[in-house]
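Letter by letter, the chains look like this.
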Amino acid sequence: MRQFNSTLLAFLFVFTAGSFAQEVDTQKEEEVQKGHVNENKFRQLYDQYSTPNQYRTGSGAPGEAYYQNHADYKMDIELDDKTQILSGVETITYHNNSPDDLEYLWVQLDQNIRTKDSPALQNNPSGISPVSQPEGFVNQFLEEPFDGGFKIEEVTKDGKALPYTINFTMMRIDLPTPLKAGESYSFNIKWWYQINNHVKDRARSGYEDFPEDGNKVYVIAQFFPRMAVYNDVEGWQNMQFWGSGEFALPFGDYEVNITVPADHILDGTGEITNRKEVYSREMMRRFDQAKKSFDKPVIIVTQEEAEAAEKTFSNKKKTWKLKAEMVRDFAFSTSRKFVVDMMNVDVMGKEVMAVSMYPKEGNPLWEEYSTRAVASTLKTYSDLTFQYPYHKAISVHAMNQGMEYPMICWNYGRPDKDGNYSEREKFGMISVIIHEVGHNFFPMIVNSDERQWGWMDEGLNTFLQYLAEQEFGKTYPESISPASVYPSRRGIPANIVPYMKGDQRFISPIMSNPEEVYQLGNNAYGKPATALNILRETVMGKDLFDYSFKTYSQRWMFKHPTPEDFFRTMEDASGVDLDWFWRGWFYTTDNVDIGVKEVKKYYVTDKVTEDGAEMLERYNVTDPEKANYVYVVEEGSEEFDEEMKGKDALENAPKLNEYIMDNFTPEEQANLKSPRYFYQITFNKPGGLVMPVIVEYTYADGSTEKVTYPAQIWRKNDAEVSKAIATDKEITRVVVDPDMETADVNVDNNSWPQDTRPDKFQEFKSNSGE
């Protein structure tokens, strides 16, 4: 049987002319309306982006004049375990690498969010609930606020007092003379504050009390006055700390001496420079053994030793000395309750120590999974970004915690008193460790402004967390058995659907300040992670995405990127115009809803049809009988003839066959197709987001075909688009987004014909227990 190409010009005339006519009709309607600005969703984001300059280029890379200021710290810290007072003296050396002279310096006092009269206590509306739990009622109405703010005793330079002004969580230090560009300035601050119970008030830093043995576990962060960032974007980033928007910090070098009770075990940011003085001989032997262990953790402090230490309550003191270079912050954890284990990790040829510190209450969960999760995370993140540059990464167990700092983080996940734990508790613990260890990359190294753009670290990190979780499941399959894949909570498109289809009054664009959003977890974590997963899996493809993401990570490691630097780099390194994607997913609250509006089935004929004649008349063809045109007839119409069924186009249109015989060589004819069925499928888009149209066609013989139409198909009509399909097999079913790749919020309109069979979204919800 001879074959012919379904894209013959004569045949396309019928279909494309119809589309053209639709556009002309639309244009005629618009001619009577008022004019408008460019609202096309594929327009460039020039209206949102800053103009490229010598500091930040249009490619998304740092410019030739890029700079960042540097802050070095030398600190002597003491923690009083009896009074829970933390005190310190610090010397800050601030290096002004900017081209500007600075009249004053801004220092962050984050602990001032816990002053007794903190404005943060009054910045949210409050009401009276018809019913409350006793703890919440007492906290809201009966207790006096905890007074945990900084007590600044002195700010000096060479022994002389410097004038300063404290404004809530910011302190301005007025300089005698401006700090010139390229110069440095050293000054001292002496301070103390009362440590809070972080379990009681859900704080990022503080202690957990264990009344049964009289001990405490301290996780200490934001504990010292820290320099604010000065850069080309904000000048001084001195936005107040209200609690949700986290931190913006310059890089620096740290030398920190921390004095604690002699029976405490401590670790923190940086290298312990006096390890032989603070470790016992047996601990040193085990530490040396851990350096050689790349497959399993080595116990440095056993649970038996930790339980014995719980009873000692030494009155003696011990000073731990730590030194860190090129970090943006410093944190530490200390307790006599700690069990400690370590394992060496080969990270792209570099040895890194994975460390876990946990009280006995964390076992058996922590000794089994924590350090392995740390090690796996370091490898996966490094593969996707850059080689982890530090010498260690620590996971500390703390009740209800999930916080990150350079080289150290605190994480939840605790069995009951009998050591039992659920799968939910186990995977929750592993996931939070992966997430918080991952923060070493974003924002500890790729140092974005958390105070302004929470998603730049939380969203990117949650996206990488999803990939690291899946890799953890492959590395330790016994940990997820009997499941075949790790049960990730965020990153999977279907999981963000309830949020995306929610009440628009309580949804904010991703490009919002963390203090201004209603659902921070979805806004800064879940939605951007899902968007990036879709971008990688569905829009760009893994190769282009991974190269571009790695380019961004390496361009901006140990620097301060903005959202534009990320957006521009992803396009610059891939050659993919993504302005439509950034605009929709990050700058709006639109959602995805793409459906099958209708499916029309046609047969080919060379007999003049009413619609065909009408169309030819528009083009001044007055006698179509004498012309050689190909027409189509919709099945079920008055002009349709049942005898057309089962015949190919050449059989139904002899004139078309004559045309081919006269205009194609036998070799060319052999390469032409012979479709029997012709379809015009119309897809509509009730949702605001433009996305690729992923379609699965099922044929009468049971075979399927998956086709992806690029997002650009919507560029001229944002409401609906049609595709003409010629095939030798009859289409029996059309399904949009069959594998739930796009976070489509309404699957009821995704298929033709619609039926009552359970769809994949419902199956997913059932299988995930939601």
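Rules and cut-offs
Residues numbered from 1 in each chain as written. Predicted model: local features only at pLDDT ≥ 70, side-chain atom pairs only at ≥ 80, totals over all residues. Heavy atoms only, no water. Helix = DSSP H or I, 4+ residues; strand = E, 2+ residues; numbered from the N terminus. Buried < 20%, exposed > 50% of the residue type's maximum accessible area, 1.4 Å probe, protein only. Contact = heavy atoms within 4.5 Å. Areas by Shrake-Rupley, 256 points an atom, 1.4 Å probe, with all protein chains shown as cover. Lys, Arg positive; Asp, Glu negative; His and termini not counted. Charge placed at Lys NZ, Arg CZ, Asp CG, Glu CD. Expected span 1.5 Å × (residues − 1). Pairing = 2+ DSSP bridges. Axes fitted to C-alpha atoms, helices over the stretch in contact; angles between N-to-C directions. Patch = residues over 30% accessible without salt bridge, like charges linked within 9 Å, V, L, I, M, F, W, Y side chains within 5 Å. Salt bridge = Lys/Arg side-chain N within 4 Å of Asp/Glu carboxyl O. pLDDT = per-residue confidence, 0-100. Phe/Tyr/Trp six-rings, centres within 6.5 Å; stacked < 30°, edge-to-face > 60°. Lys NZ or Arg CZ within 6 Å of the ring centre and 35° of its normal. Parallel < 35°, antiparallel > 145°, perpendicular 65-115°, else oblique. Nonpolar A, V, L, I, M, F, W, Y, C, P; charged D, E, K, R; others polar. Polar contact = N/O pair within 3.5 Å; in protein donor to acceptor, adjacent residues only side chain to side chain.

Student: An account of the overall build of the protein is requested, with residue identities and associated values reported.
Tutor: Each helix and strand counted, the protein has 20 helices and 32 strands in total. Its C-alpha atoms give the protein principal-axis dimensions of roughly 110 × 60 × 60 Å. Going through the 770 residues of the protein one by one, you find that 54% of them count as buried. Summarising the internal contacts of the protein: among those between residues at least 6 apart in sequence, 76% fall at separations of at least 24. Total accessible area on the protein is roughly 34900 Å²; 47% of this is exposed by carbon and sulfur atoms. Put simply, the protein has 82 plus and 122 minus side-chain charges, and the middle of one group is 5 Å from the middle of the other.

Student: Which residues make up helix α8 (residues 423-438), and what values do they have?
Tutor: Compared with an ideal rise of 1.5 Å per residue, which puts 16 residues at 22 Å, α8 spans 22 Å between its outermost C-alpha atoms and is within 8% of the ideal. Among the 16 residues that make up α8, 13 are buried, leaving the element largely enclosed by the rest of the structure.

Student: Account for the sheet that holds strand β10 (residues 215-220), with residues named and values stated.
Tutor: Across the sheet, which stays open at both edges, the four strands sit in the order β9-β10-β19-β15 with antiparallel pairing between neighbours. Sheet topology places β9 (206-210) and β15 (265-268) at the edges, where each strand pairs with a single neighbour. Across this sheet, the average inter-strand angle for adjacent strands is 10°, counted without regard to direction. When β10 meets strand β19 (residues 332-335), the two strands line up antiparallel, connected through three bridges. In the strand pairing of β19, Val-219 is matched with Ser-333.

Student: Describe a negative patch on the surface, and please don't skip the residues or the numbers.
Tutor: A surface patch of like charges, here negative, comprises Glu-610, Asp-611, Glu-634, Glu-638 and Glu-639. Relative to the helices and strands, Glu-634 resides in strand β26 (residues 631-634).

Student: So what about the pairing of strand β31 (residues 731-736)? Which residues, and what values?
Tutor: The buried count for β31 comes to five of six residues, which makes it a mostly enclosed element. Pairing of strand β28 (residues 693-699) with β31 involves five bridges; the strand directions are antiparallel. Residue pairing for β31: Glu-696 is matched across the bridge by Val-735. For β31 and strand β32 (residues 751-752), the ladder comprises two bridges, and the chain directions are antiparallel. The partner of Val-735 across the bridge, within β32, is Ser-751.

Student: Pulling in residues and values, what's your account of the pairing of strand β1 (residues 70-80)?
Tutor: Taken residue by residue, a regular strand's side chains alternate between the two faces of the sheet. When β1 meets strand β2 (residues 85-95), the two strands line up antiparallel, connected through 11 bridges. For Tyr-73, the partnering residue across the bridge sits in β2 and is Ile-92. Between β1 and β2, which pair antiparallel in sequence order, lie four residues; one of them, Gln-84, sits at a positive phi of approximately 55°. Both β1 and strand β14 (residues 252-261) contribute to a ladder of six bridges, which runs parallel. Within the sheet, the bridge partner assigned to Ile-77 lies in β14 and is Ile-258.

Student: Which residues make up the confidence of the model for the protein, and what values go with them?
Tutor: The share of residues in the protein with pLDDT of 70 or more is 94%, and the mean pLDDT across the chain is 93. Scored below 50 in pLDDT, residues 1-24 makes 55 contacts in the model with residues more than four places away or belonging to other chains.

Student: Could you give an account of the packing of aromatic side chains, naming the residues involved and the relevant values?
Tutor: Evaluated as defined, the whole model comprises 59 aromatic pairs. Seen in terms of ring centroids, Phe-567 and Phe-586 are 5.4 Å apart; in terms of plane orientation they differ by 70°. Their pairing is edge-to-face. Placement of the pair is Phe-567 in helix α14 (residues 563-574) and Phe-586 in helix α15 (residues 579-587), with a sequence separation of 19 residues. Both residues of the pair, Phe-567 and Phe-586, belong to the buried class. Aromatic side chains Trp-582 and Phe-586 sit 5.6 Å apart centroid to centroid with 70° between the ring planes, which places their arrangement in the edge-to-face category. Of this pair, Trp-582 and Phe-586 both sit in helix α15, separated by four residues, roughly a single helical turn. Taking relative accessible area as the criterion, Trp-582 reaches 0% and is therefore assigned buried. Arg-226 extends its terminal NZ or CZ atom over the ring of Phe-247, reaching a point 4.8 Å from the ring centre.

Student: Got a sec to walk through helix α13 (residues 542-555)? Specific residues and values, please.
Tutor: Residues lying three or four places apart along an α-helix face the same way, a consequence of the helix completing one turn every 3.6 residues. Counted at 1.5 Å a residue, the expected span for α13 with its 14 residues is 20 Å, and the 19 Å between its end C-alpha atoms agrees. What α13 keeps buried is the set Phe-545, Ser-548, Phe-549, Thr-551, Tyr-552 and Ser-553. Looking at the buried positions of α13, the neighbouring elements they touch are α7 (365-384), α9 (455-475), α12 (520-540) and α14.

Student: So what about the packing of α12 against α13? Which residues, and what values?
Tutor: Two numbers describe a pair of packed helices, the interaxial angle and the distance between the axes. At a minimum axis distance of 7 Å, the contact between α12 and α13 shows a crossing angle of 135°. Our classification of the angle between α12 and α13 gives oblique. Packed against α12, whose contacting residues are Leu-532, Leu-535, Arg-536, Glu-537 and Met-540, the element α13 presents Lys-542, Leu-544, Phe-545, Asp-546 and Ser-548 at the interface. Each residue belonging to the contact of α12 with α13 can be placed in one class, and the counts come to five nonpolar, one polar and four charged.

Student: Quick rundown of the sheet that holds strand β27 (residues 677-684)? Include the residues and the values.
Tutor: Spatial strand order, β26-β25-β27-β30: four strands in an open sheet with antiparallel pairing. Two strands close off the open sheet at either side, each with one partner strand: β26 and β30 (720-727). Here the average twist between neighbouring strands, direction ignored, is 30°. Two elements, β27 and β30, share eight bridges in a ladder whose sense is antiparallel. When the sheet's bridge partners are listed, Tyr-679 is paired in β30 with Ile-725.

Student: Residues and numbers for the pattern of salt bridges, please.
Tutor: What the rule picks out here adds up to 48 salt bridges. Between Asp-267 and Lys-392 there is a salt bridge; the shortest N-O distance is 2.5 Å. Here Asp-267 is found in strand β15, whereas its partner Lys-392 is found in strand β22 (residues 392-397), with 125 residues between them in sequence. Taken as a pair, Asp-267 and Lys-392 share a single burial class, namely buried. In the salt-bridge network here, residues are joined through shared partners; they are Asp-213, Glu-310, Lys-337, Lys-360 and Glu-361.

Student: Now, about the environment of Gln-222: what can you tell me, with residues and values included?
Tutor: Here Gln-222 lies in the loop between β10 and β11 (226-227). For Gln-222, a relative accessible area of 5% translates into the label buried. For the pair Gln-222 and Leu-467, spaced 245 residues apart in sequence, the C-alpha to C-alpha distance is 30 Å. What Gln-222 contacts, discounting residues up to four positions off in sequence, is Asp-110, Gln-111, Phe-150, Arg-204, Ser-205, Phe-247 and Tyr-405. Here the side chain of Gln-222 touches Tyr-405 through a polar contact of 2.5 Å, side chain to side chain.

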